[in-house]
Amino acid sequence: MPGKLCADVTLEQNVRTGFQEVRHNHMIMYKTPVDFLYLTGFKRDTFRNVRLTGSWDPEGRYCQEWSLVEMTPFIGEDGCPAFAATVEFDAREVGNWFEWAVVLDTPTSKNVCGITLEINDPDCDRCVRRFLLQAGEIGNRQERYYLSLGRRLGSTKEYKDPKSLPGMSFAVWAPNARSVEVVFGDRDGGGYIADDGTGMDTSLGPLALFPKEGGIWRTPATEMLSNFQDFKDRFYMYRIEKESGKKAYRTDLYSRCQAGRGMINPQGKPYLGRVQELDGSVGCSVVVDVDMVAADRAQPLDKPLVFLADEDFWFDEFVHGRPVPQNVEDIVIYELHVGSLGWLREGQPGTLQDAIDHLEYLVDLGVNAVELLPVEEFDGSIGWGYGTSHYFAIEYSAGGPGQLKHFVRECHRRGIAVILDVVYNHYDHNPERVEWAYDSDLPEHNIYYWWDADGCQESAADFGYVDNGSSGWAPRYSEEMVRQLFISSAVTLAEEFHVDGFRVDLTNAIHRDNRRHGDGHPVPEANLYGSKFLREWTRTLKLIKPSVMLIAEDHSGWSKLVEAQKSGGIGFDAAWYADFHHHLVGNRPSGPDFAKLILSAGYGDDRPLNLDYFAGALSYSGHKKVVYHMSHDEAGNAAGSMRTLLAAVNCAPLVGLTRQFAEARCRFAFGMSVLSAGTPLFLFGEEVGAHKPFVYNSFMSNRVDLDAERKGEGGRLFRFYQDIITLRLHHRGLRSHSIEVVHVHNQNRVIAFRRFSGEEEFLVVGSLRDEHFAGGYKVLHERLQGTSWKEV
């Protein structure tokens with residue numbers, strides 16, 4: 001979309017040189033035009049007053065004082081809003097570097113930088129793009145910026161113009177490949193293509209992809225690909241010729257759907273079984289229409305007949321008018337593992353439909369946010385999900401993408417926010433046909449994994465891969481395309497699935513803990529790029545959805561994590577506070593520096609408790625912390641850990657008076673958490689005193705019918721949770737970050753603290769003493785004098 005930068009000029013294009021000859025006032029000036037494209041990559045039209053700015057003057061010459069020019073809105077080939085502007089550069093500037101950015105208005109802010117990725121240098125956090133002005137190109141040079149790649153890569157719709165029916169496009173990042181083809185699976189097969197080609201539909205394809213900029217391969221626009229509907233629901237894979245010449249079948253990492261919801265991995269051999277029994281992480285990718293939603297909640301691959309357009313599906317998302325919270329200070333989080341539901345179906349994990357059926361229970365409980373353990377595609381069908389294979393596909397065994405959208409909509413109708421747990425510190429533990437050696441067998445060209453062995457004598461094949469304290473090798477955060485995979489996935493979940501927030505797993509593994517596997521040598525560059533990725537991730541999400549709630553699981557104590565980016569921080573809204581759990585409940589691996597109040601009280605004697613230790617954690621809870629007395633990691637998964645009800649009585653049989661003491665101590669634990677100055681979270685089942693261990697590889701045999709427990713022995717604890725959650729959510733003084741501990745007595749086992757906001761003030765008193773104080777108990781503090789209190 002060329003535009004003139006000055007009036008009264010005539011223009012003659014020279015496509016052989018890439019110059020334009022401009023005659024103005026009898027002078028000949030040669031110009032090199034460059035088109036700048038800003039592509040959002042998502043369907044919502046949210047940006048206004050979009051302007052291009054860059055290091056040139058109105059005559060197209062380099063200038064430290066940046067120019068500003070209006071960008072023209074249009075609909076991109078992906079069907080999403082985009083913006084364009086053309087700048088004519090003085091041809092004498094050829095060979096010079098320029099920088100550019102985009103300035104725009106959002107519904108909540110003006111003059112915001114629209115470039116969220118930083119310069120790809122570990123020591124630079126500037127959000128600009130750079131390019132070298134060159135001549136000799138046919139047509140105008142193009143500089144493109146994609147805010148999200150979710151509709152650029154993978155199997156996507158392609159529009160010749162906004163009014164035409166979409167065609168089909170396949171695109172994949174494979175910078176080391178010699179050649180790339182898309183091959184299709186047999187419609188009647190098991191959704192798998194073996195290493196020898198068995199399972200391939202030879203009547204369609206293979207289709208050759210051609211190399212584009214940045215290592216991306218893409219199908220050309222052909223008559224065969226002119227109708228997207230011809231390819232809908234087709235199985236496909238990429239056949240990649242690696243740089244060694246070896247050919248390999250690879251799934252699409254931008255796949256929106258993976259064939260299979262079972263446990264079978266054919267490991268490259270022909271598979272003749274049912275697609276439902278196949279492990280989706282190694283099965284074919286599936287072409288799906290992301291702009292349509294199944295009207296019912298049928299499982300994927302069951303092919304429901306009725307679909308709704310995306311806008312029609314979400315039209316009555318808030319039909320009941322209950323507001324969905326948008327701030328971490330205003331929520332109480334219920335941590336839920338979908339696979340642990342469905343307790344009546346032996347051998348089958350729970351699904352998102354089971355989670356929908358569980359929502360009325362949550363409404364009665366009173367929580368207003370539910371955090372799902374990871375539901376993106378993972379290895380097998382039974383697990384916690386902390387090993388993602390495909391970041392855009394929703395795990396079939398959990399119900400697939402349609403059920404997740406139904407779940408979010410049903411939550412929003414009830415005023416419940418949805419937070420998803422996401423994992424960027426490692427990939428699937430069995431990455432066959434996924435990230436591992438995607439287009440090269442050379443470790444230094446293993447594009448999704450960090451390799452650091454330059455100048456070292458490797459003693460093992462995996463010497464140079466990077467450990468980070470998680471359960472897999474560290475991703476290659478230095479590759480912008482790797483960072484964009486994670487960022488674009490989150491954008492897709494926020495935009496297409498209407499997710500309200502994210503909890504990022506183990507962020508200290510990303511920004512602090514990177515070490516070379518072979519000798520434990522620190523890899524500071526990986527830490528720097530990890531920090532860059534986290535900044536880019538939070539910046540992008542806050543740009544497109546300012547209300548999104550971003551939470552980090554971090555054990556580094558790094559204060560910058562929850563500081564605003566304009567102050568030099570990373571930009572998370574809150575961080576998990578594991579020390580709070582270790583002080584409050586504790587488990588056997590917790591060191592002597594932790595109070596371990598509930599565990600210590602569970603010994604049943606009169607020993608003093610280190611409430612002064614806990615008081616420090618309680619006071620610090622107001623520093624943008626998510627606090628919890630119990631989470632998924634501490635409920636039996638960590639060595640020596642257990643559910644709170646068991647810790648409260650040192651694993652004694654939960655009968656009679658012992659159960660009463662256990663529940664009383666559980667009330668103390670949750671009360672301290674929910675009335676703290678942090679954002680409270682608790683693991684599902686705690687509200688009814690669940691006591692079976694929750695372990696990643698044995699949860700199926702320990703599932704609990706929560707509604708039955710609520711109607712039975714867990715009813716007393718459930719009612720306490722109801723009351724105290726309601727108390728917090730109805731009072732600003734209990735949701736604020738303001739807290740002051742006014743009394744601590746280790747021998748008496750009593751702690752008291754103030755919570756306040758404006759004129760509203762609360763005094764919270766907690767006791768772990770096994771007997772009541774016959775003569776009453778006095779709490780003396782200057783802050784409490786001269787006031788009267790009402791018990792609530």
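Remember, predicted model here, so these are calculated numbers, not experimental data.

Participant: I tried to follow the overall build of the chain on my own but got confused; where do I start?
Facilitator: Counting its secondary structure elements, the chain contains 15 helices and 36 strands. Computed over C-alpha atoms, the radius of gyration of the chain comes to 29 Å, within 12% of the 28 Å expected from 2.2 N^0.38 for 792 residues, which places it in the range of a compact globule. Counting only C-alpha atoms and orienting by the principal axes, one finds that the chain spans roughly 100 × 65 × 60 Å. Every one of the 792 residues in the chain was classed for burial, and the buried ones make up 59%. By element, 50% of the accessible surface of the chain is carried by carbon and sulfur atoms, the whole surface being about 32000 Å².

Participant: Looking at this structure, I do not really get helix 10 (residues 611-620). What am I missing?
Facilitator: An α-helix turns once per 3.6 residues; consequently, residues spaced three or four apart project the same way. Regarding helix 10, the residues found buried are Leu-611, Phe-614, Ala-615, Ala-617 and Leu-618. Looking straight down helix 10, one finds its buried side chains confined to an arc of 165°; they lie on one side. Against the buried residues of helix 10 lie helix 8 (578-584), helix 9 (597-601), helix 12 (656-674), strand 34 (739-745) and strand 35 (750-757).

Participant: It is not clear to me how the sheet that holds strand 34 should be interpreted in this structure. Could you clarify?
Facilitator: The pairing of strands in a sheet happens through backbone hydrogen bonds and is either parallel or antiparallel. Strand order in the open sheet formed by three strands is 34-35-36, with antiparallel pairing between adjacent strands. Only two strands of the sheet have a single neighbouring strand rather than two, namely strand 34 and strand 36 (760-767). Averaged over all adjacent pairs, the angle separating strand axes in this sheet is 15°, with direction ignored. By the bridge criterion, eight bridges tie strand 35 to strand 36 in an arrangement that is antiparallel. Each residue of the ladder has a partner; that of Arg-755, found in strand 36, is Phe-762. Strand contacts of helix 10: strand 34 and strand 35, with the helix running at about 175° to strand 34, the strand carrying the most contacts.

Participant: Whenever I open this one, the side chain of Asp-310 confuses me. Can you help?
Facilitator: Along the polypeptide, Asp-310 turns up in helix 1 (residues 310-313). Ignoring any residue separated from it by four or fewer positions in sequence, one finds Asp-310 in contact with Val-290, Asp-291, Met-292, Val-293, Lys-405 and Glu-496.

Participant: What is the right way to look at the packing of aromatic side chains in this model?
Facilitator: Each pair of aromatic rings is reported with the distance of its centres and the angle of its planes. The tally for this structure, following the rule as stated, stands at 56 aromatic pairs. With centroids separated by 5.8 Å and ring planes inclined at 40°, the aromatic side chains of Phe-184 and Phe-231 adopt a geometry described as tilted. Of this pair, Phe-184 sits in strand 14 (residues 179-184) while Phe-231 sits in the loop between strand 16 (216-218) and strand 17 (235-241), placing them 47 residues apart in sequence. Looking at Phe-184, the relative accessible area reads 0%, which means it is buried. Both rings, one in Tyr-465 and one in Trp-473, keep their centres 5.6 Å apart while their planes meet at 25°; by these two values the pair is stacked. Residue placement shows Arg-409 over the ring face of Phe-313; its charged tip is 4.0 Å from the ring centre. Across from the ring centre of Tyr-577, 5.4 Å away, lies the NZ or CZ of Lys-625, which sits over that ring.

Participant: Would you mind going over the sheet that holds strand 26 (residues 417-422) with me for this structure?
Facilitator: Pairing within the closed barrel is parallel, and its eight strands lie in the order 22-23-26-28-30-31-32-33. Direction aside, the axes of adjacent strands within the sheet are offset by 30° on average. The sheet contact formed by strand 23 (residues 369-372) and strand 26 spans four bridges and is parallel. Note that in strand 26 the partner of Val-370 across the bridge is Val-418. Strands strand 32 (625-628) and strand 33 (679-683) of the sheet are contacted by helix 12, whose axis makes an angle of about 145° with strand 33.

Participant: Looking at this structure, how should I read the environment of Glu-525?
Facilitator: In this fold, Glu-525 is placed in helix 7 (residues 524-544). Given a relative accessible area of 39%, Glu-525 falls into the partly exposed group. Sequence spacing of Glu-525 and Asp-121 is 404 residues, and the spatial spacing of their C-alpha atoms is 9.7 Å. Among residues more than four places away in sequence, those in contact with Glu-525 are Pro-122 and Trp-450.

Participant: Explanation requested: empty space enclosed by the protein in the structure shown.
Facilitator: The gaps of empty space that remain are located by a probe, the size of a water molecule, rolled over the atoms. On inspection of all chains with the given rule, the structure shows eight cavities of 30 Å³ or more. Counted as a void, the largest cavity has a volume near 170 Å³. Forming the walls of the largest cavity are 17 residues, and the residues nearest its centre are Arg-151, Ser-155, Thr-156, Lys-157 and Val-290. Tallied by class, the residues present in the lining of the largest cavity amount to six nonpolar, four polar and seven charged.

Participant: Help me understand helix 4 (residues 400-413), please; the structure alone is not making it clear to me.
Facilitator: The terminal C-alpha atoms of helix 4 lie 20 Å apart, and with 14 residues this matches the ideal 20 Å at 1.5 Å per residue to within 8%. Summarising burial for helix 4: 12 of the 14 residues are buried, a large majority. Among the residues of helix 4, those classed as buried are Gly-400, Gln-403, Leu-404, Lys-405, His-406, Phe-407, Val-408, Arg-409, Glu-410, Cys-411, His-412 and Arg-413. Just beyond helix 4, the residue with positive phi is Gly-415, at close to 75°.

Participant: I'm lost on the nonpolar core in this one. Help?
Facilitator: In globular proteins that are soluble, nonpolar side chains generally tend to be buried together. By size, the foremost hydrophobic cluster in this structure holds 194 residues, and its most contacted members are Tyr-38, Tyr-334, Leu-404, Phe-407, Phe-502 and Trp-537. Ranked by residues supplied to this core, first place goes to helix 5 (residues 480-496) with nine residues. Of all hydrophobic cores here, the second largest spans 15 residues; its members include Val-328, Ala-369, Ile-551 and Val-626.

Participant: For this particular structure, what's the right way to read the confidence of the model for the chain?
Facilitator: Parts of the model with low pLDDT should not have their predicted coordinates read in detail. Residues at a pLDDT of 70 or more form 94% of the chain, whose mean pLDDT is 92. When the criterion is pLDDT under 50, residues 22-26 qualifies, and its contacts beyond four places in sequence or with other chains add up to 15 contacts.

Participant: It is not clear to me how the pairing of strand 35 should be interpreted in this structure. Could you clarify?
Facilitator: Note on strand geometry: in a regular strand, side chains alternate between the two faces of the sheet. Counting buried residues in strand 35 gives six out of eight residues, a clear majority hidden from the surface. In this structure, strand 34 lies alongside strand 35, joined through six bridges in antiparallel fashion. Note on strand 35: the bridge partner recorded for His-745 is Val-750. The turn linking strand 34 back onto strand 35 is made up of four residues, and Arg-749 within it adopts a positive phi angle of 65°. Counted between consecutive antiparallel strands, the loop separating strand 35 from strand 36 contains two residues, among which Gly-758 sits at a positive phi close to 60°.

Participant: Where do I start with the state of the cysteines in this structure?
Facilitator: Disulfide: a covalent bond connecting the sulfur atoms of a pair of cysteines. All told, the structure shown has zero disulfides when counted by the stated rule. Looking at the unpaired Cys-651, the closest cysteine sulfur is the one in Cys-666, lying at 12 Å. Judged by its relative accessible area of 42%, Cys-651 falls in the partly exposed class.

Participant: Honestly, unusual backbone geometry in this entry has me stumped. Any pointers?
Facilitator: In most cases, non-glycine residues show a negative phi, while peptide bonds are predominantly trans. Omega for the peptide link from Gly-205 to Pro-206 comes to 0°, which places this bond in the cis form. Here Pro-206 is to be found in the loop between strand 14 and strand 15 (207-211). Phi angles above zero are rare outside glycine, and Arg-433 is one such case at about 65°. In this fold, Arg-433 is placed in the loop between strand 26 and strand 27 (466-467). Residue classification places Arg-433 among the buried positions, given a relative accessible area of 3%. With phi around 55°, Asn-650 is a residue other than glycine that occupies positive phi space. Counting through the fold element by element, Asn-650 comes out in the loop between helix 11 (644-647) and helix 12.

Participant: How should the packing of helix 5 against helix 7 be read in this particular structure?
Facilitator: Two numbers describe a pair of packed helices, the interaxial angle and the distance between the axes. Where helix 5 meets helix 7, the axes come as close as 10 Å, and the angle between the chain directions of the two elements is 25°. Considering the angle they form, helix 5 stands roughly parallel to helix 7. As helix 5 runs across helix 7, the sense of the crossing is right-handed. Between helix 5 and helix 7, the contacting residues are Arg-483, Phe-486, Ile-487, Ala-490, Val-491, Ala-494 and Glu-495 on the first element and Tyr-529, Lys-532, Phe-533, Glu-536, Trp-537, Thr-540, Leu-541 and Ile-544 on the second.

Participant: Looking at this model, I keep getting lost on the pattern of salt bridges. Mind explaining?
Facilitator: Opposite charge on two side chains lets them pair, provided their charged atoms get close. One pass over the structure, following the stated rule, counts 59 salt bridges. For Asp-291, the salt bridge is made with Lys-43, and the minimal N-O distance between the two is 3.5 Å. Pair noted here: Asp-291 is in the loop between strand 19 (285-286) and strand 20 (292-294) and Lys-43 is in the loop between strand 3 (27-39) and strand 4 (48-56), with a separation of 248 residues, a long-range link. Residue Asp-291 is classed as buried on the basis of its relative accessible area, which comes to 12%. Residue classification places Lys-43 among the partly exposed residues on the basis of a relative accessible area of 37%. One salt bridge connects Asp-452 with Arg-516, and the closest N-O pair in it is separated by 3.1 Å. Highlighted residues: Asp-452 in the loop between strand 26 and strand 27 and Arg-516 in strand 29 (residues 515-516), separated in sequence by 64 residues. Judged by relative accessible area, which is 22%, Asp-452 ranks as partly exposed. Several salt bridges share partner residues, and in doing so they unite Lys-43, Arg-151, Lys-157, Arg-256, Asp-289, Asp-291 and Glu-496 into one network.

Rules used in this analysis
Residues numbered from 1 in each chain as written. Predicted model: local features only at pLDDT ≥ 70, side-chain atom pairs only at ≥ 80, totals over all residues. Heavy atoms only, no water. Helix = DSSP H or I, 4+ residues; strand = E, 2+ residues; numbered from the N terminus. Rg over C-alpha atoms; globule rule 2.2 N^0.38 Å. Buried < 20%, exposed > 50% of the residue type's maximum accessible area, 1.4 Å probe, protein only. Areas by Shrake-Rupley, 256 points an atom, 1.4 Å probe, with all protein chains shown as cover. Arc of directions from axis to C-beta. Contact = heavy atoms within 4.5 Å. Pairing = 2+ DSSP bridges. Axes fitted to C-alpha atoms, helices over the stretch in contact; angles between N-to-C directions. Phe/Tyr/Trp six-rings, centres within 6.5 Å; stacked < 30°, edge-to-face > 60°. Lys NZ or Arg CZ within 6 Å of the ring centre and 35° of its normal. 1 Å grid on protein atoms, 1.4 Å probe; cavity = no way out; pocket = protein on both sides within 12 Å on 5 of 7 lines; lining within 4 Å. Points joined across faces, edges and corners; volume = space filled by probe spheres on them. Nonpolar A, V, L, I, M, F, W, Y, C, P; charged D, E, K, R; others polar. Expected span 1.5 Å × (residues − 1). Core = buried A, V, L, I, M, F, W, Y, C linked by side-chain atoms within 4.5 Å. pLDDT = per-residue confidence, 0-100. Disulfide = S-S within 2.5 Å. Parallel < 35°, antiparallel > 145°, perpendicular 65-115°, else oblique. Left-handed = near helix turned anticlockwise from the far one by under 90°. Salt bridge = Lys/Arg side-chain N within 4 Å of Asp/Glu carboxyl O.

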